[in-house]
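Residues per chain are reported as follows:
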Amino acid sequence: MSGHAGELARRLAREAEAVCRHYLSSGRREGRYWMVGDVKNTPGRSMFVRLSGPESGKGAAGKWTDAATGEHGDLLDVIGAICALDDFRDVEAEARRFLSLPRPQPYPGLTPCLSPAATGSPESARRLFAMSKPIPRTLVETYLRNRGITALHGTVSMRFNPRCYYRPDRDVPTETWPAMIAAVTDLDGRITGAHRTWLDPDGFDPVRLGKAPIESPRRAMGHLLGNAVRFGIVHDVAAAGEGIETMLSLGCVMPDMPMMAALSAAHLAAILFPATLRRLYVVRDNDPAGDAAMATLFDRAQEARIDAVALSPHGDDFNADLRRFGIDALRAAVRVRLVPEDVARFMCVQAGGRNG
């Protein structure tokens, strides 16, 4: 391990419990260990992280082992897996951001060799996500809570960028606005794109619902077809819909249901199915495009021998229902549409939902 990496790993180990609470939020502390399902933050108890111990050697703090797979590593590996970062420079940058450390100074005489990424490319999306920060205590958290979304557990695919570029067209100067950044990933967890929602720094109003006062406050970049913004890890059952806020609204009443936001009706119709998927809840927006997407997805699911179940809102979408009727009414409306065995498995039957 390089000097930079070794020192970062030791600094993270000194804050092991804080690291685990942030990146492995599906787990819990048990004695001297943090217990969780795996390095991808799946609920469970197979993986354990040492919260205390020496800085190196046997029993070192920050070291983890997955008893089910035999995998092991340190907290830098956890950050890389959770944030879907393949390049160690990105892992290092995220670790430094978490620890509030400055970037390391380059060696004398050396200049950065990172070449510019093509505008709108997957690499550009990956860099945008890497330079943004987690959403707790940011304008993104405020925006979502103002839309009735108070359960923010499992939102590692989302970040906040305080100065995200926005350009209405080629002939207009570039502006900067705060933005909610969501990572679009493929079935292997690789970031292929990003979705930007520019936000109004001056507050929330009932017309724009917190989005910036610009012509197109939502834009996506990168490779989107077949991919999605993902909340949780899909095994045999999942829900898929269009909007991020729609899926997070359902997450308030189904905290353990893996969710996929395809970002548009056309992309929802073309979303790729995980190999292990056996039942898909199709979350429909209440418009003609939503009807068409649901019909296409039902046909594709039938061909793939996947049970498809429709979830339809009363209003335009489930976030509109959440804001209009409240979480208890949304819970009651969704519960009667679930397959009975999925109610106990995925649904929060008491007030609240995912822990914020």
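Refer to the structure presented above.
The structure reproduced in this document is the subject of the present report. Treat the numbers as computed from the prediction; the structure is a model and nothing was measured. (Residues numbered from 1 in each chain as written. Predicted model: local features only at pLDDT ≥ 70, side-chain atom pairs only at ≥ 80, totals over all residues. Heavy atoms only, no water.)

For the rest of this paragraph, the subject is the packing of helix H3 (residues 75-82) against helix H4 (residues 88-99). Interhelical geometry of H3 versus H4 gives an angle of 105° and a closest axis separation of 9 Å. Taken together, H3 and H4 sit at an angle that is classed as roughly perpendicular. Of the residues in H4, those touching H3 at Leu76, Ile79 and Gly80 are Phe88, Val91, Glu94 and Ala95. The class makeup of the residues in the contact of H3 with H4 is 5 nonpolar, 1 polar and 1 charged. (Axes fitted to C-alpha atoms, helices over the stretch in contact; angles between N-to-C directions. Helix = DSSP H or I, 4+ residues; strand = E, 2+ residues; numbered from the N terminus. Parallel < 35°, antiparallel > 145°, perpendicular 65-115°, else oblique. Contact = heavy atoms within 4.5 Å. Nonpolar A, V, L, I, M, F, W, Y, C, P; charged D, E, K, R; others polar.)

Let's shift gears to helix H10 (residues 318-325). Buried residues of H10: Phe318, Asn319, Ala320, Asp321 and Leu322, and no others. As for H10, its buried residues are in contact with helix H7 (244-251), strand E14 (279-283), strand E15 (307-311) and helix H11 (327-335). One side-chain oxygen of the residue at the start of H10 lies 3.0 Å from the amide nitrogen of Asn319, identifying that residue as Asp317. Of the residues trailing H10, Gly326 is marked for its positive phi of about 95°. (Buried < 20%, exposed > 50% of the residue type's maximum accessible area, 1.4 Å probe, protein only. Polar contact = N/O pair within 3.5 Å; in protein donor to acceptor, adjacent residues only side chain to side chain.)

Our focus in this paragraph is the pairing of strand E8 (residues 175-185). The buried count for E8 comes to 9 of 11 residues, which makes it a mostly enclosed element. Relative to E8, strand E7 (residues 158-166) runs antiparallel, the two sharing 7 bridges. When the bridges of E8 are listed, Tyr165 appears paired with Thr176. Summarising the sheet, E8 and strand E9 (residues 191-198) pair through 7 bridges and their orientation is antiparallel. Residue pairing across strands places Val184 opposite Gly193, the latter belonging to E9. Following E8, the chain reverses through 5 residues before pairing antiparallel with E9; Gly189 in that reversal takes a positive phi of roughly 85°. (Pairing = 2+ DSSP bridges.)

Now for the environment of Ala212. The topology assignment puts Ala212 in the loop between E9 and strand E10 (218-222). Each C-alpha atom of the pair Ala212 and Ser26 lies 32 Å from the other, and the pair is 186 residues apart in sequence. Those residues in contact with Ala212 that sit more than four places away from it in its chain are Trp177, Trp198, Leu199, Asp200 and Pro217.

What follows deals with the sheet that holds E14. Reading across the sheet, the 5 strands line up as E11-E13-E12-E14-E15 and stay open at both edges, with mixed pairing between neighbours. Each end of this open sheet is capped by a strand with a single partner; those strands are strand E11 (229-231) and E15. Strand-to-strand, the axes of this sheet are offset by a mean angle of 20°, without reference to chain direction. On top of the sheet, helix H9 (residues 288-303) reaches E14 and E15; it is set at about 160° to E15, its chief contact.

Here the focus is the packing of aromatic side chains. Taken as a whole and judged by the stated rule, the model has 3 aromatic pairs. With a centroid separation of 5.6 Å and 90° between ring planes, the pair formed by Tyr33 and Phe48 is classed as edge-to-face. Of this pair, Tyr33 sits in strand E2 (residues 33-36) while Phe48 sits in strand E3 (residues 47-50); the two residues are 15 residues apart in sequence, bridging distant segments of the chain. Considering the side-chain rings of Tyr166 and Trp198, the 5.0 Å spacing of their centres and the 70° angle between planes classify their relative orientation as edge-to-face. Note that Tyr166 is positioned in strand E7 and Trp198 in strand E9, a separation of 32 residues in sequence. A relative accessible area of 2% means that Tyr166 is categorised as buried. Look at Trp198 and you get buried, because its relative accessible area is 1%. The side chain of Arg300 reaches across the aromatic face of Phe273, ending 4.5 Å from its centre. (Phe/Tyr/Trp six-rings, centres within 6.5 Å; stacked < 30°, edge-to-face > 60°. Lys NZ or Arg CZ within 6 Å of the ring centre and 35° of its normal.)

Right, let's get into the sheet that holds strand E6 (residues 133-134). Read across the sheet, 5 strands follow the order E6-E7-E8-E9-E10 without closing on themselves; strand pairing throughout is antiparallel. Taken across any chain shown, the strands that pair with only one partner, and hence form the sheet edges, are E6 and E10. Two strands pair when backbone bridges link them, and E9 and E10 are joined in this way by 5 bridges, in the antiparallel orientation. Bridging from a neighbouring strand, Arg196 pairs with Arg219 of E10.

We now examine the packing of H7 against H10. Where H7 contacts H10, the axes come no closer than 7 Å and their chain directions differ by 55°. With respect to H10, the axis of H7 lies oblique. Contact with H7, carried on its side by Glu245, Thr246, Ser249 and Leu250, involves Phe318, Asn319 and Leu322 of H10 and no other residues of that element. For the contact of H7 with H10, a count of residues per class yields 3 nonpolar, 3 polar and 1 charged.

Bringing the pattern of salt bridges into the picture now. Scanning the model with the defined rule gives 24 salt bridges in all. Its salt-bridge partner being Asp188, residue Arg190 comes within 3.2 Å of it at the nearest N-O pair. Through salt bridges that share partners, Arg279, Asp307, Glu341 and Asp342 make up one connected network. (Salt bridge = Lys/Arg side-chain N within 4 Å of Asp/Glu carboxyl O.)

Attention shifts here to the nonpolar core. Ranked by internal contacts, the top residues of the largest apolar core, which has 41 residues, are Leu144, Met158, Ile244, Met254 and Tyr281. A per-element tally of this core places H7 first, with 4 residues. Grouped together as the second largest cluster of nonpolar side chains are 28 residues, Leu12, Leu24, Val36 and Met47 included. (Core = buried A, V, L, I, M, F, W, Y, C linked by side-chain atoms within 4.5 Å.)

This paragraph deals with the environment of Val237. By the secondary structure assignment, Val237 is in strand E12 (residues 237-241). Along the primary structure Val237 and Pro162 are separated by 75 residues, whereas in three dimensions their C-alpha atoms are 35 Å apart. What Val237 contacts, discounting residues up to four positions off in sequence, is Met257, Pro258, Leu277, Arg279, Tyr281, Asp342, Arg345 and Phe346.

Coordinates in, geometry out; function isn't part of it.
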